[in-house]
Amino acid sequence: MRNFLWEEDGLGTVEVVLILAVLVGIALIFRQYIFGFVKEIMANIMGGDVATVLSSPLEP
């Protein structure tokens, strides 16, 4: 029983899951800011509003 309690084989998996959970939580908290940031970048790259670019992507 003592060996089972001190076994660390799955420790890496637990750390990865915890890191992913924290990243998802941060993304959910700041999602409005992230979406706004991405829209601004897309507007700068495409030269217009994202809705305009999506409705007619081939027009300059």
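What you see is a predicted model, and the numbers here were worked out from it, not measured in a lab.

## Concerning a nonpolar patch on the surface
In step 1: A cluster of nonpolar side chains, contributed by Val22, Ile26, Ile29, Phe30, Tyr33, Ile34, Phe37, Val38, Ile41, Met42, Ile45 and Met46, occupies part of the molecular surface with about 1,200 Å² of accessible area.
In step 2: For the nonpolar patch, the elements supplying multiple residues, two or more each, are helix H2 (11-29) and helix H3 (31-46).
In step 3: Ranked by residues supplied to the nonpolar patch, first place goes to H3 with eight residues.
In step 4: With respect to the helices and strands, the residue Met42 is situated in helix H3.

## Some words on the packing of aromatic side chains
Here the distance between the centres and the angle between the planes together describe a pair of aromatic rings.
In step 1: Enumeration over the complete set of coordinates arrives at one aromatic pair.
In step 2: Note on Tyr33 and Phe37: the rings are 6.3 Å apart at their centroids and 20 degrees apart in plane angle, and the pair reads as stacked. Pair noted here: Tyr33 and Phe37 are both in helix H3, with a separation of four residues, about one helical turn.
In step 3: Residue class for Phe37 comes out partly exposed when judged on its relative accessible area of 44%.

## Regarding the confidence of the model for the chain
In step 1: Looking at the chain as a whole, its pLDDT mean stands at 78, while 67% of the residues score no less than 70.
In step 2: The element-level mean pLDDT for the chain is lowest in helix H4 (residues 50-55), coming to 65, with H2 highest at 89.

About the criteria used
Residues numbered from 1 in each chain as written. Predicted model: local features only at pLDDT ≥ 70, side-chain atom pairs only at ≥ 80, totals over all residues. Heavy atoms only, no water. Patch = residues over 30% accessible without salt bridge, like charges linked within 9 Å, V, L, I, M, F, W, Y side chains within 5 Å. Areas by Shrake-Rupley, 256 points an atom, 1.4 Å probe, with all protein chains shown as cover. Salt bridge = Lys/Arg side-chain N within 4 Å of Asp/Glu carboxyl O. Helix = DSSP H or I, 4+ residues; strand = E, 2+ residues; numbered from the N terminus. Phe/Tyr/Trp six-rings, centres within 6.5 Å; stacked < 30°, edge-to-face > 60°. Buried < 20%, exposed > 50% of the residue type's maximum accessible area, 1.4 Å probe, protein only. pLDDT = per-residue confidence, 0-100.

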